[in-house]
Amino acid sequence: MLPALAALERAARLSPDAETGASRLARAAELACHHGLERQARQYARGVETAGLGAVGRAQSLWLHDLIPGEAAVGRERVADLCTAARAVATAHPLLAQKLLHAAAGRCWWQRAARRERELVVDTFRDLRPRPWDARDLAVLALTDPAAASLEAPPAASRPSGTEELMLLGQVAHLTGELQRAAPLLARAETTARAEGRHGRLPRLLVARALGEVWLGTRWSTALALAEEGRFIADRTGQADWAARAVGAQGILHALCDRPEGALRCATETEEAALRLGQSRHLDLAALTRAVAASGAGRYAEAYAQLRALLTERTAPYAFEQVWALAFLAEAAWPAGERADATTVVEQIWARNPGGLAPLPERVLAYARAVLAEDGEAETRYAGVLGEGAEQWPLLYAMTLFAFGARLRRRRRLLESREPLAAAERVFRSLGAVSRADLAAAELRATGLAQTGSEQVADGLDSAADLLTPQQLTIARLAARGLSNRAVAEQLRLSPRTVASHLYQIFPKLGITSRAQLAERVAPS
């Protein structure tokens, strides 16, 4: 790559006019960024800035400012500047205008821009970019209006092969919730980027793949490995934004895998990066991390408050993280006592999208409606969510099975509840979601199903299983972990008074007089 960059630099010096020379330097800066050569990219960008080319030169400098790592920490007013520059050069330099619009859309996404800024980009884009749209055009739309982008067909041209086209189409599918279409595109883009030495492109590909694996993967160890490599390369190539995004992905995975210390450490690091970079997008992953960690610890009210703050716009979920928030919001709503509020949010989103959504948002929304439904409607809705294709989304599949099984058990349909609860436990354990698997196992025990293997050994040691009912044993194990009555109640979807009543009966059965003695008699859940 260095010889190619030197050739472009030499060609720029020999160019017949300043505008041609600046364009060649801009191309050299772009290639240097793609290959992770931050120092060279800055050098070429300075050459463009000193060329003094009027509107074209200013447009190229604006674009390079957003392209080069570490140069993007400017306020939202830059979105309007980029759109104005795109209009100024659109006739003579349509490709540069397109790149400016992509930069503006990217800034909207990173900075969680308000509807006004997003609409400015979309309006400018529709004015300047006639159909048919290519991969970069669709990426502009996906970064600013994912719901609209999800309705657009991919370019009808030949099968995509280059790193940039594969990456852009993968980005579009990822942002619009079409993760099954995104996964092979991103994987192919990663392969070609490695082969071409485009190390500067790898962090965004690896992090997107890691986040997709949360929903598509069967083992989260793969997702963690992708996020870790993405962070390493982003750090080495000076891409602080993607390093922060990778840390946010690690935080989510640690929270889901019940590693609360690692999760909260990542959340704090991500929040600090958001403030330092002026990119509030990172705060969404940090909030999700804290919410999932709180849910795993049984603090559903805290989790609900974190998630609710991500869903202030009751239209189509604008961003990838808001789709996630909707799933975990529905899960936390019942034990947090927020079912009515959650139902309002979910039904408004449902009503405003009569034409349907992309696969992941549509399935998450259907799951949320099933979880929040009254008993009379719930079973039909669960049947729809668990229908054909449900197993392609392991995490959502297990969450649905657990919620359905737990509801059946609460309605005393014990035999029917065992199959979905057992299946949920298996999937959660395969993924690495320990606390969710344990909770499914606890619900399964509460149906009276006999235990096997290591669980029988543990029960033999403390003999509590012989003295307590299945539900009492579950409550005792949770209390032995140090959870308060309210936290136990939230995990098991009971009232704190019911938990206290059970503990009142448990103590004399075990021959103890205080909660402190529970851990000696009962193996904590």
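This is a predicted model, so every value here is computed, not measured. (Residues numbered from 1 in each chain as written. Predicted model: local features only at pLDDT ≥ 70, side-chain atom pairs only at ≥ 80, totals over all residues. Heavy atoms only, no water.)

Participant: Can you explain helix α15 (residues 260–277)? Please cite residues and give values.
Facilitator: Given a rise of 1.5 Å per residue, 18 residues ought to cover 26 Å, and the 25 Å separating the end C-alpha atoms of α15 matches this to within 8%. Three or more residues of α15 are buried, namely Gly262, Ala263, Cys266, Ala267, Thr270, Ala273, Ala274 and Leu277. Summarising the axial view, the buried residues of α15 lie within an arc of 135 degrees, below the 170-degree limit, and thus occupy one face. Of the residues in α15, the exposed ones pointing more than 90 degrees away from the buried face are Glu261, Arg265, Leu275 and Arg276. Buried residues in α15 make contact with α14 (240–256) and α16 (281–296). With its phi angle positive at about 70 degrees, glycine 278 sits one or two positions after the end of α15. (Helix = DSSP H or I, 4+ residues; strand = E, 2+ residues; numbered from the N terminus. Expected span 1.5 Å × (residues − 1). Buried < 20%, exposed > 50% of the residue type's maximum accessible area, 1.4 Å probe, protein only. Arc of directions from axis to C-beta. Contact = heavy atoms within 4.5 Å.)

Participant: Go over the environment of cysteine 33 with me, naming the residues and quoting the values.
Facilitator: The topology assignment puts cysteine 33 in helix α2 (residues 18–34). Take cysteine 33: its relative accessible area is 9%, and that puts it in the buried class. Note: C-alpha distance between cysteine 33 and alanine 88 (55 residues apart in sequence) is 25 Å. Beyond its immediate stretch of four places on either side in the chain, cysteine 33 contacts Ala41, Leu67, Ile68, Pro69 and Gly200.

Participant: Residue-level account of the packing of aromatic side chains, with values.
Facilitator: Scanning the model with the defined rule gives 6 aromatic pairs in all. Here a set of aromatic residues connected by ring pairs shows up, and it is made of Trp109, Trp110 and Trp242. Across the ring face of tryptophan 109, the terminal group of arginine 281 is positioned such that the distance to the ring centre comes to 4.8 Å. Arginine 369 extends its terminal NZ or CZ atom over the ring of tryptophan 350, reaching a point 4.0 Å from the ring centre. (Phe/Tyr/Trp six-rings, centres within 6.5 Å; stacked < 30°, edge-to-face > 60°. Lys NZ or Arg CZ within 6 Å of the ring centre and 35° of its normal.)

Participant: Outline the packing of helix α17 (residues 300–308) against helix α18 (residues 320–336), supporting the account with residue identities and numerical values.
Facilitator: At a closest axis distance of 8 Å, the pairing of α17 and α18 adopts a crossing angle of 145 degrees. Remark: the crossing between α17 and α18 carries left-handed chirality. On α18, the residues touching Tyr300, Ala301, Tyr304, Leu307 and Arg308 of α17 are Ala325, Phe328, Leu329, Ala332, Ala333, Pro335 and Ala336. Grouping the amino acids of the contact of α17 with α18 by side-chain chemistry returns 11 nonpolar, no polar and 1 charged. (Axes fitted to C-alpha atoms, helices over the stretch in contact; angles between N-to-C directions. Left-handed = near helix turned anticlockwise from the far one by under 90°. Nonpolar A, V, L, I, M, F, W, Y, C, P; charged D, E, K, R; others polar.)

Participant: Please provide a residue-by-residue account of the nonpolar core, values included.
Facilitator: One finds Leu100, Trp215 and Leu518 to be the most contacted residues of the largest nonpolar core, which totals 179 residues. Ranked by residue count, the leading element in this core is α18, at 12 residues. Filtering out sequence-adjacent residues up to four positions away, tryptophan 215 remains in contact with Leu179, Trp324, Ala327, Leu360, Gln392, Trp393, Pro394, Leu395 and Leu396. (Core = buried A, V, L, I, M, F, W, Y, C linked by side-chain atoms within 4.5 Å.)

Participant: Talk me through the pattern of salt bridges; I want residue IDs and the actual numbers.
Facilitator: Scanning the model with the defined rule gives 34 salt bridges in all. Put simply, arginine 281 and aspartate 284 hold a salt bridge, and the shortest N to O gap is 2.9 Å. Here arginine 281 pairs with aspartate 284, and both are found in helix α16, just 3 residues apart, close to one helical turn. A residue is classified by how much of its surface remains accessible, and aspartate 284, at 3% relative accessible area, is buried. Bridged by salt links that share partners, the residues Arg112, Arg245, Arg281, Asp284 and Glu321 form one connected network. (Salt bridge = Lys/Arg side-chain N within 4 Å of Asp/Glu carboxyl O.)

Participant: Residues and numbers for the side chain of glutamine 472, please.
Facilitator: Position of glutamine 472 among the secondary structure elements: in helix α27 (residues 470–480). In this view, glutamine 472 contacts His502, Gln505, Ile506 and Lys509; residues no more than four positions away in its chain are not counted.

Participant: Please give an account of α18 that cites residues and values.
Facilitator: Think of an α-helix as turning once every 3.6 residues; residues three or four places apart then point the same way. The terminal C-alpha atoms of α18, which comprises 17 residues, lie 24 Å apart, in line with the 24 Å expected from a rise of 1.5 Å per residue. The principal kink in α18, of about 30 degrees, is found at alanine 330. Along α18, 16 of the 17 residues are buried, which leaves the element largely enclosed by surrounding structure. Looking at the residues trailing α18, positive phi occurs at glycine 337, about 75 degrees. (Bend = angle between axes of the 7 residues up to and from the residue.)

Participant: Explain the environment of arginine 259 residue by residue, including any values.
Facilitator: Structurally, the position occupied by arginine 259 is in the loop between α14 and α15. The exposure class assigned to arginine 259 is partly exposed, which follows from its relative accessible area of 40%. Each C-alpha atom of the pair arginine 259 and alanine 433 lies 9.8 Å from the other, and the pair is 174 residues apart in sequence.

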